[in-house]
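# Notes for the structure review
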Amino acid sequence: MDLIFKALADDTRRMLLDRLRERDGQTLTELESRTGMTRFGVMKHLNVLEAAGLILTRKEGRFKYHYLNAAPLQMVVDRWIEPLTQQPMARAMLDLKAELERHGEMTTADKPDFVLETYIRTTPAKVWEALTNGEMTKRYHFARATLQGDIKPGAPYAYLTPDGHPMLTGQIISVDQHKRLEMTFVPGWMGPGATASRHVFDIEVAGELVKLTLSHFAIPTEQGGIRDGWAKVIGSLKSFLETGDGLTFA
């Protein structure tokens, strides 16, 4: 907590967070060009933000991309602001770690718009079941949505609300059981003709824990708020697997 407040105490670091909020996944060069500071100065501020967990970094080839991580700020909200306002807030990924994997060169199409990670005290098989079993998805997902469809490449899927409304639809792209699930993403709340994007779940053993990484690609500009929504869903999934109860959303 001390590192979070120390990081936020500087207006330059707050400005860097604002820049990432406007457009996530920027390189050091891109951030430097918008600050008027030296490269070394920007790097020092980014290191402070990363140490506080307020940003995540992902190195791909010669480039290192920076992503905003709002989970520590959510922790501050939960501790001090929510009791005053009594508004339902997401308890999203409070133990989110800033450790990302290197997978080689990345084209513009392969660069995620944002990345979220959390560590869950469970097994890869249970994470996989929670992601793919409709009876389980409705216990932690928005509006208690139930996943329907076969989990195999090329198959369609849908998350349906209790009244049968398609909250989210898409197609399964690739499946590596207990390890990786890639799907297209068509938001039902955007109405007919919504543009599809793409998201990937990666599941890895991390000692006694399981690391779940969500990467989302090619989000249309009109579909704002998807990152915040995912943070809530992933936080609820973690709560469900560790306690048996998902989070309740407004």
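Look above for the structure.
A brief structural summary. (Residues numbered from 1 in each chain as written. Predicted model: local features only at pLDDT ≥ 70, side-chain atom pairs only at ≥ 80, totals over all residues. Heavy atoms only, no water.)

## Observations regarding the overall build of the chain
Note the following rule: What counts as a helix is a DSSP run of H or I of at least four residues, what counts as a strand is a run of E of at least two, and both are numbered from the N terminus. Residue exposure (1.4 Å probe, protein chains only): buried if accessible area is under 20% of the type maximum, exposed if over 50%, otherwise partly exposed. Contacts are assigned to residue pairs with any non-hydrogen atoms lying within 4.5 Å of each other. For the area figures, the Shrake-Rupley method with a 1.4 Å probe applies, and any residue is considered shielded solely by the protein chains shown.
What the chain contains, in helices and strands, is 8 helices and 9 strands. Put simply, the chain has 250 residues, and 50% of those count as buried. The contacts in the chain between residues at least 6 apart in sequence include a share of 49% that link residues at least 24 apart. Accessible surface computed for the chain: about 12,600 Å², of which carbon and sulfur atoms make up 53%.

## Looking at the packing of helix 2 (residues 11-22) against helix 4 (residues 39-51)
Defined as follows: The angle between two axes is taken between their N-to-C directions and runs from 0 to 180 degrees, where each axis is a line fitted to C-alpha atoms and a helix contributes only its stretch in contact. When an angle is under 35 degrees it counts as roughly parallel; over 145 it counts as roughly antiparallel; between 65 and 115 it counts as roughly perpendicular; any other value is oblique. Residues are grouped as follows: Ala, Val, Leu, Ile, Met, Phe, Trp, Tyr, Cys and Pro are nonpolar; Asp, Glu, Lys and Arg are charged; all remaining types, including Gly, are polar.
The N-to-C vectors of helix 2 and helix 4 enclose an angle of 80°; their axes lie 10 Å apart at closest approach. In this view, helix 2 runs roughly perpendicular relative to helix 4, as classed from their interaxial angle. Here helix 2 contributes Thr12, Arg13, Leu16 and Leu17 to the contact with helix 4, which in turn contributes Val42, His45, Leu46, Val48 and Leu49. In the contact of helix 2 with helix 4, the residues fall into 6 nonpolar, 2 polar and 1 charged.

## So, the pairing of strand 9 (residues 209-217)
So the rule is basically this: Strand pairing is defined by DSSP finding a minimum of two bridges between the two strands.
For strand 9, a buried count of 8 out of 9 residues is recorded, marking the element as mostly surrounded by other parts of the structure. Bridge count between strand 8 (residues 197-206) and strand 9: 9 bridges; the pairing is antiparallel. Bridge pairing in strand 9 places His199 opposite His216. Count of turn residues in the strand 8/strand 9 antiparallel hairpin: 2 residues, of which Gly207 carries a positive phi of about 70°.

## Re unusual backbone geometry
Not every positive phi belongs to a glycine, and Ala143 is a case in point at roughly 55°. As for its position among the elements, Ala143 is in the loop between helix 7 (134-137) and strand 4 (146-148). Residue classification places Ala143 among the partly exposed residues on the basis of a relative accessible area of 45%. For Arg144, which is not glycine, the phi dihedral falls at a positive 55°. Looking at the secondary structure, you find Arg144 in the loop between helix 7 and strand 4. Its relative accessible area of 31% is what places Arg144 among the partly exposed residues.

## A look at the pairing of strand 1 (residues 55-60)
Here strand 1 lies mainly inside the structure; 5 of its 6 residues are buried. Of the pairings in the sheet, the one linking strand 1 to strand 2 (residues 63-68) comprises 6 bridges and is antiparallel in character. Note on strand 2: the bridge partner recorded for Ile55 is Leu68. The hairpin formed by strand 1 and strand 2 contains 2 residues between the paired strands, and Gly61 there has a positive phi angle of roughly 60°.

## Some details on the sheet that holds strand 7 (residues 180-187)
A sheet is described by the order of its strands in space; here 7 strands give the open sequence 3-9-8-7-6-5-4, paired in antiparallel fashion. Two strands bound the open sheet, and with one partner strand each, they are strand 3 (114-120) and strand 4. Taken pair by pair, the neighbouring strands of this sheet meet at an average axis angle of 25°, ignoring direction. Of the strands in this sheet, strand 3, strand 4, strand 5 (156-160), strand 6 (166-176), strand 7, strand 8 and strand 9 touch helix 6 (residues 124-132), which is tilted by about 155° from strand 8. Across the sheet, helix 8 (residues 226-243) touches strand 3, strand 7, strand 8 and strand 9, and the angle it forms with strand 3 is around 10°.

## What to know about the pattern of salt bridges
Note on pairing: side chains with opposite charge can pair once their charged atoms come close. Basically, it comes down to this: Salt bridges, as used here, are contacts in which a Lys or Arg side-chain nitrogen is within 4 Å of a carboxyl oxygen on Asp or Glu.
Summed over all chains, the structure comprises 12 salt bridges. The partner of Glu22 in a salt bridge is Arg19, and the shortest N-O contact between them spans 3.8 Å. Separated by 3 residues within a single helix, Glu22 and Arg19 lie in helix 2, roughly one turn from each other. For Glu22, a relative accessible area of 52% puts it in the exposed group. In this structure, the salt-bridge partner of Glu30 is Arg23, at a minimum N-O distance of 3.6 Å. Among the residues examined, Arg23 registers a relative accessible area of 38% and is labelled partly exposed.

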